[in-house]
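Here are the chains, one letter per residue:
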Amino acid sequence: MTELADRDYFTDHEILVDPYAYFEAVRSKGQVYQPQGKDYLMVMGFEETLEIMRNSEDFSAIIGLQGASAPLPFTPHGSDITAQIEAHRDAFHGGDLLVNLDDNPHLQLRSLVNRLFTPSRLKANEEFIQAFSDELVRDAVANGGVELVRTIATPFVTLVIADLLGIPAEDRQKFMDLIENAPPPGNLDGELDLNAEDHPFVIMGGYFAQYVADRRANPREDILSELSNALYPDGTLPDEMAIIKLGMFMFGAGQDTSAKLLGNAMRYIVDQPGLQDRLRADPKLIPALIEEVLRLEGSTKQTARLARRDTRIGDLAVPAGTKIMLSIAAANRDPARWEDPQAFRLDRPKIREHVAFGRSAHTCAGAPLARVEVRIILEKLLQYTSDIDLDPAVHGPRGARKLNFEPSFIIRGLSELHLKLTPAEGVDLSSTRPSVIQKTAEAEVPVAPETPAPASAAVATSGYSTGVTKLAVLLADPGAKAVLEQHFPGITTDKRIGMAKSMTLRAIQKFAPGQFTNETLEAVDRDLAVLPAA
């Protein structure tokens, strides 16, 4: 039988239930360990984890999403493989997303993100958070219980980040549905292709492409306009595709951190004797609770780095090309750093030094938002209840809980958590305020008209047009599809085109003017004009 420390963390579903026993088995082999038969190192120690996180010169973040177990798209050679990484960046899973970027490209994009999560902006966003969480919690308590993850946590954090980013109200429900139905990042059963047509990033990317194009052509007094027109620190205007991918990544990544943290925190509130009464008596303790839960049961179990230069971890020589799993959950329970590390302590000294949100260049940009979101909704849940418990019919009795976790090697989070909620004595659960959800659904955001095709492209008064007909419609018609393939060989099978299907070719032209020239599009219009209209 395979020893626990040498079982495959990236595919073993049993480790999901209690990854901490697994991490401690690995730690018994050393703070840095190479599992039998594996080609990556596992880092368990707090100091070693910090050392690597702070050393972005020697360690690349390129494998952050695909993990340390996935094969590299090239065979490393030499003492510095930085150029090889960059030459193959497109072959890595999510290689061009913020979490995987290195050096100046990461610094440039991160400068834009930092503008969104300023204290003043979070303060302004807090009014929405307060109103929305109040509505959700009142309804849940009035019903006597709720399934926390899907009914409260996911829609709550989705609409909060949508409000912060300025996602048009009419698109928010679509995004919530996408997030709810998508597999988690780091799925143990295999990742979805990020370029697949049905991947949430591709679908959301189509919307973000329209937002960015519209806000650059018709800027408004909103955050999307600010993000779309922001300049890098060197004064240059970012490529539109970079902004599109940044926006959809922030939206997608923001879900897991906060939603899973809320569920993980609730487990401790319910099962730690006397804790919820203590928090009700002194809500100012909630931030300390959040930090200790982040240490003990943070939303991210691990991340990964690739050594791009010959380097060291402590006294261990690490050649360029070495894949490294940073076991965040293990570092946060390292007995060399934390006294009695497995215990929950609300008054733990220097608790914010945990690495649940990373450290240094790749510190989670949304950490301040996650802390605010979870604090406020926990305040509401405790304010409106006299007791919170897990539903024993679903999760079993205290001391013998039955819990299901997301099948992810990255995320530590419950797939569901059913609560029994007892209203506080004398609490008024009715609300005369307009529903935040209803206001979101009914809100109207003006959308600029589509940029018309040049007069020279108006060859026919009917039929398809590159300035009017969406790409999805063209691809669905065999004749139009053949025209596209004739003028743009490979376009119909290019996975990257998925996020642009809701746009016209004239709109797509803004992202690739060299490929979609006026002359070529006019030729396409002439060929499309003789086809029957849809």
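All values derive from a computational prediction rather than experimental measurement.

**Points about the confidence of the model for the chain**
Close inspection of predicted coordinates is inappropriate in any region flagged by low pLDDT.
Phase 1 of the analysis: Within the chain, residue pLDDT values average 86, and 89% of them lie at 70 or more.
Phase 2 of the analysis: Low pLDDT, under 50, characterises residues 441–462; the predicted model gives this stretch 30 contacts beyond four residues in sequence or across chains.

**Side note on the environment of Asp234**
Phase 1 of the analysis: Counting through the fold element by element, Asp234 comes out in the loop between helix H10 (223–229) and helix H11 (240–271).
Phase 2 of the analysis: For Asp234, a relative accessible area of 49% translates into the label partly exposed.
Phase 3 of the analysis: Expressed as a C-alpha distance, the spacing of Asp234 and Gln108, which sit 126 residues apart in the sequence, is 8.4 Å.
Phase 4 of the analysis: In this structure the side chain of Asp234 is engaged in a polar contact, spanning 2.7 Å, whose partner is the side chain of Thr236.

**Things to note about helix H2 (residues 19–27)**
A turn of α-helix holds 3.6 residues, and therefore any two residues three or four places apart point the same way.
Phase 1 of the analysis: By the criterion of burial, H2 is predominantly enclosed, with 7 of the 9 residues buried.
Phase 2 of the analysis: Within the sequence span of H2, burial applies to Pro19, Tyr20, Tyr22, Phe23, Ala25, Val26 and Arg27.
Phase 3 of the analysis: The inward-facing, buried residues of H2 abut helix H1 (14–17), strand E1 (32–33), strand E2 (40–43), helix H13 (286–297), strand E8 (323–326) and helix H14 (328–331).

**Regarding the nonpolar core**
Phase 1 of the analysis: The biggest cluster of nonpolar side chains holds 93 residues, and the ones touching the most others in it are Phe117, Phe208, Phe251, Met266 and Leu378.
Phase 2 of the analysis: Among residues more than four places away in sequence, those in contact with Leu378 are Leu262, Ala265, Met266, Ile269, Ile286, Leu289 and Ile290.

**What to know about the side chain of Ser327**
Phase 1 of the analysis: Mapped onto the fold, Ser327 is located in the loop between E8 and H14.
Phase 2 of the analysis: Overall, the relative accessible area of 0% leaves Ser327 in the buried class.
Phase 3 of the analysis: Residues within four places of Ser327 in sequence aside, it is in contact with Phe23, Met42, Val43, Met44, Lys301 and Gln302.

**Some thoughts on the packing of helix H7 (residues 148–165) against helix H8 (residues 172–181)**
Phase 1 of the analysis: The contact between H7 and H8 brings their axes to 10 Å, and the two run at 130°. The orientation of H7 with respect to H8, classified from their angle, is oblique. Along this stretch, H7 crosses H8, giving a crossing that reads as right-handed. Contacts from Arg150, Thr154, Pro155, Thr158, Leu159, Ala162 and Asp163 of H7 reach H8 at Arg172, Met176, Ile179 and Glu180.
Phase 2 of the analysis: Class assignment for the residues of the contact of H7 with H8 results in 5 nonpolar, 2 polar and 4 charged.

**So, the packing of aromatic side chains**
Phase 1 of the analysis: A full pass over the atoms with the stated rule returns 13 aromatic pairs.
Phase 2 of the analysis: Relative to Tyr211, the ring of Phe208 lies with its centre 5.4 Å away and its plane at 70°, an arrangement referred to as edge-to-face. Here the residue Phe208 and the residue Tyr211 both occupy positions in helix H9 (residues 200–217), the gap between them amounting to 3 residues, near one helical turn.
Phase 3 of the analysis: When its relative accessible area of 6% is taken as the criterion, Tyr211 is described as buried.
Phase 4 of the analysis: Through successive ring pairs, a cluster of aromatic residues spans Tyr9, Phe10, Tyr22, Phe23, Tyr40 and Phe409.
Phase 5 of the analysis: The residue whose ring lies beneath Arg333 is Tyr20, and the NZ or CZ to ring-centre distance is 3.7 Å.

**Let's talk about the environment of Lys481**
Phase 1 of the analysis: Locating Lys481 in the fold gives a position in helix H19 (residues 478–487).
Phase 2 of the analysis: Residues Lys481 and Ile491 lie 10 residues apart in sequence; the distance between their C-alpha atoms is 9.2 Å.
Phase 3 of the analysis: Once you skip the residues sitting within four places of it in the chain, Lys481 turns out to touch Leu474, Leu475 and Thr492.

**Some words on the side chain of Asp102**
Phase 1 of the analysis: As for its placement among the helices and strands, Asp102 is situated in the loop between helix H4 (82–87) and helix H5 (103–116).
Phase 2 of the analysis: For Asp102, a relative accessible area of 7% corresponds to the buried category.
Phase 3 of the analysis: Polar contacts involving the side chain of Asp102 include one to the side chain of Ser60, which spans 2.5 Å.

**Overview of the sheet that holds E2**
Phase 1 of the analysis: The mixed open sheet is built from 5 strands, whose spatial order is E1-E2-E8-E5-E3. Edge positions in the sheet fall to E1 and strand E3 (59–60), since each has one partner strand and no second.
Phase 2 of the analysis: Note: E1 against E2, 2 bridges, orientation antiparallel. Residue pairing across strands places Val32 opposite Val43, the latter belonging to E2.
Phase 3 of the analysis: Packing against the sheet, helix H3 (residues 46–54) makes contact with E1, E2, E3, strand E5 (303–307) and E8, and its axis sits at approximately 125° to E8.

**Quick look at the environment of Phe132**
Phase 1 of the analysis: When you line up the elements, Phe132 lands in helix H6 (residues 119–142).
Phase 2 of the analysis: You can call Phe132 buried: its relative accessible area is 1%.
Phase 3 of the analysis: Separated by 28 residues in sequence, Phe132 and Val160 have C-alpha atoms that sit 8.5 Å apart.

**A closer look at the sheet that holds strand E10 (residues 418–423)**
Each strand in a sheet pairs with another by means of backbone hydrogen bonds, the pair being arranged parallel or else antiparallel.
Phase 1 of the analysis: Taken together, the 3 strands give an open sheet; going across it, the order is E4-E10-E9, and neighbouring strands pair in antiparallel fashion. At either end of the open sheet lies a strand with only one pairing partner, and these are strand E4 (145–147) and strand E9 (385–390). Ignoring strand direction, the axes of neighbouring strands in this sheet form an average angle of 20°.
Phase 2 of the analysis: Contacts between H6 and the sheet are confined to E4, E9 and E10, with E10 contributing the most and set at about 85° to the helix.

**What about empty space enclosed by the protein?**
The gaps of empty space that remain are located by a probe, the size of a water molecule, rolled over the atoms.
Phase 1 of the analysis: Going through the model one piece at a time under the given rule, you end up with 3 cavities of 30 Å³ or more.
Phase 2 of the analysis: Of the voids in this model, the largest cavity is the one considered here, and its volume is about 40 Å³.
Phase 3 of the analysis: Along the walls of the largest cavity sit Tyr20, Leu294, Arg295, Leu296, Glu297, Gly298, Thr300, Lys301, Ile328, Ala329 and Asn332, which together make up its complete lining.
Phase 4 of the analysis: Of all elements in the fold, only H13 and H14 reach the threshold of two or more residues within the lining of the largest cavity.
Phase 5 of the analysis: Its residues assigned to classes, the lining of the largest cavity shows 5 nonpolar, 3 polar and 3 charged.

Thresholds, definitions, all that
- Residues numbered from 1 in each chain as written.
- Predicted model: local features only at pLDDT ≥ 70, side-chain atom pairs only at ≥ 80, totals over all residues.
- Heavy atoms only, no water.
- pLDDT = per-residue confidence, 0-100.
- Contact = heavy atoms within 4.5 Å.
- Helix = DSSP H or I, 4+ residues; strand = E, 2+ residues; numbered from the N terminus.
- Buried < 20%, exposed > 50% of the residue type's maximum accessible area, 1.4 Å probe, protein only.
- Polar contact = N/O pair within 3.5 Å; in protein donor to acceptor, adjacent residues only side chain to side chain.
- Core = buried A, V, L, I, M, F, W, Y, C linked by side-chain atoms within 4.5 Å.
- Axes fitted to C-alpha atoms, helices over the stretch in contact; angles between N-to-C directions.
- Parallel < 35°, antiparallel > 145°, perpendicular 65-115°, else oblique.
- Left-handed = near helix turned anticlockwise from the far one by under 90°.
- Nonpolar A, V, L, I, M, F, W, Y, C, P; charged D, E, K, R; others polar.
- Phe/Tyr/Trp six-rings, centres within 6.5 Å; stacked < 30°, edge-to-face > 60°.
- Lys NZ or Arg CZ within 6 Å of the ring centre and 35° of its normal.
- Pairing = 2+ DSSP bridges.
- 1 Å grid on protein atoms, 1.4 Å probe; cavity = no way out; pocket = protein on both sides within 12 Å on 5 of 7 lines; lining within 4 Å.
- Points joined across faces, edges and corners; volume = space filled by probe spheres on them.

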